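# Reading the structure
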Amino acid sequence: MKVRPSTATSAIAMSSKFLTAATLLLLPALALSGQTKVAEKVDRPAELEATPGTARALIKVEKRTPAYWRVTFDNPPFNIFGPETIPQMEKVVSQIEKDPDLRVIVFDSAVPGFFLTHYNFTPPLAESTGLPSGPTGLHPLPDMLVRISKSPVVSIALIRGRATGVGSELALASDMRFASRQKAILSQWEVGAGLVPGGGPMARLPRLMGRGRALEVLLGSDDINGDLAEEYGYVNRSFDDDKLDPFVDALAARISGFDRQAIADTKRLVDFASLPSDPEIAAGWDAFITSVQRPVAQKNIGRLMEMGLQKDPDVEARLGHYTQTLADKQAETVPAQ
């Protein structure tokens, strides 16, 4: 862990940053809105469209055919999701819902080692606050995930690298998940930092893998590799890394050639039997908002930031290990009986 200067001024500044970081955990839902309007910037070589943003495109949409799109996260070095990503992701979700020819989308990453990770803890609060709930009536992050799940368009997560926090929750909201056996890592790390996950994994994971395994993933807060994710039902299948892209591309292309109404009706009927209700998702978000305000959560996020969260590649790549060090420190403070 890096040691910061011990002056009073430095200590106050550090405390302020840590509190801001912890508070930001609740902001993706406050910031994402179905009513956000951003001017579209289009760059179309090989049918590639960059979604809009104030600085640069963090999400790119490749329209391989009118019926089959690739949605690629490209926010190096760690593919962190934050307020700068929110209007771009909202634009993508709106496009998915409105395009009459689209049948299949594949979410993937252009950043080696990272599919999509946790929320960005460092921007000013004003960049994330002030936007209304989304069309479902939920706060914007769970709203976006619910809309992806309920869309008539088939969604597939191609997971190579870390899918942590928001990344895991996006994968769970997708209709199918396929992972690299060698390079995929999935995790819901929040309990390890004293938080309750907010993007719906408590409602989704038990339906995929059963209660016991879901609790193992959520309460263990550890990294799950591709093989174990397949065994537990976290993903549909894991593949050797060189076989992942060809399989997903072939499956997406196959589905994209089928009748759109038949796809939509079949998915809608499966949704009746498998999707959590909106109130279940909302309850998880409410619990998250409550948990993020607790002193223990604020302290733990502060510790992770001090260790190098969002800066040190080792911390981001081994987040399960670093949350375990938080648990060890807490155990050391318990007096012997």
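Computed from a prediction, not measured in an experiment: that's the story for all the values here.

How each quantity is defined
Residues numbered from 1 in each chain as written. Predicted model: local features only at pLDDT ≥ 70, side-chain atom pairs only at ≥ 80, totals over all residues. Heavy atoms only, no water. 1 Å grid on protein atoms, 1.4 Å probe; cavity = no way out; pocket = protein on both sides within 12 Å on 5 of 7 lines; lining within 4 Å. Points joined across faces, edges and corners; volume = space filled by probe spheres on them. Helix = DSSP H or I, 4+ residues; strand = E, 2+ residues; numbered from the N terminus. Nonpolar A, V, L, I, M, F, W, Y, C, P; charged D, E, K, R; others polar. Salt bridge = Lys/Arg side-chain N within 4 Å of Asp/Glu carboxyl O. Buried < 20%, exposed > 50% of the residue type's maximum accessible area, 1.4 Å probe, protein only. Polar contact = N/O pair within 3.5 Å; in protein donor to acceptor, adjacent residues only side chain to side chain. Phe/Tyr/Trp six-rings, centres within 6.5 Å; stacked < 30°, edge-to-face > 60°.

The next subject is the layout of surface pockets. Considering only enclosed or pocket space, the largest pocket measures out at about 410 Å³ in volume. In terms of lining residues, the largest pocket is bounded by 19 residues, among which S174, D175, V270, D271 and S274 are the most central. Only helix 5 (166-173), strand 7 (176-187), helix 6 (201-209) and helix 10 (260-274) provide two or more residues apiece to the lining of the largest pocket. In terms of residue count, the dominant contributor to the lining of the largest pocket is helix 10 (6 residues). Its residues placed into classes, the lining of the largest pocket shows 9 nonpolar, 4 polar and 6 charged.

It is worth spelling out the pattern of salt bridges at this point. Within this structure, the stated rule accounts for 20 salt bridges. For D241, the salt bridge goes to R160, with nearest N and O atoms at 2.7 Å. In this pair, D241 sits in helix 9 (residues 241-256) while R160 sits in strand 6 (residues 154-164), placing the two residues 81 residues apart along the sequence. With a relative accessible area of 23%, R160 lands in the partly exposed category. Between R160 and D245 there is a salt bridge, and its shortest N-O distance comes to 2.6 Å. Residue R160 is located in strand 6, and its partner D245 is located in helix 9; the two are separated by 85 residues in the primary sequence. Judged by its relative accessible area of 28%, D245 falls in the partly exposed class. Among the charged side chains, a network of salt bridges with common partners joins E62, R64, R70, D108 and D249.

Structurally, the position occupied by D99 is in the loop between helix 3 (86-98) and strand 4 (104-109). For the pair D99 and A67, spaced 32 residues apart in sequence, the C-alpha separation works out to 9.2 Å. From its side chain, D99 meets the backbone nitrogen of D101 in a polar contact 2.9 Å long. Among the polar contacts made by the side chain of D99, one reaches the main-chain amide nitrogen of L102 at a distance of 3.1 Å.

Counted under the stated rule, the structure contains 8 aromatic pairs. Seen in terms of ring centroids, F73 and F107 are 6.2 Å apart; in terms of plane orientation they differ by 20°. Their pairing is stacked. One end of the pair, F73, is in strand 3 (residues 68-73); the other, F107, is in strand 4, with 34 residues separating them in the sequence. Judged by centre distance (6.3 Å) and plane angle (50°), the rings of F178 and F239 are tilted. Here F239 lies in strand 9 (residues 237-239) and F178 lies in strand 7, a separation of 61 residues in the sequence. Taken as a pair, F178 and F239 share a single burial class, namely buried.

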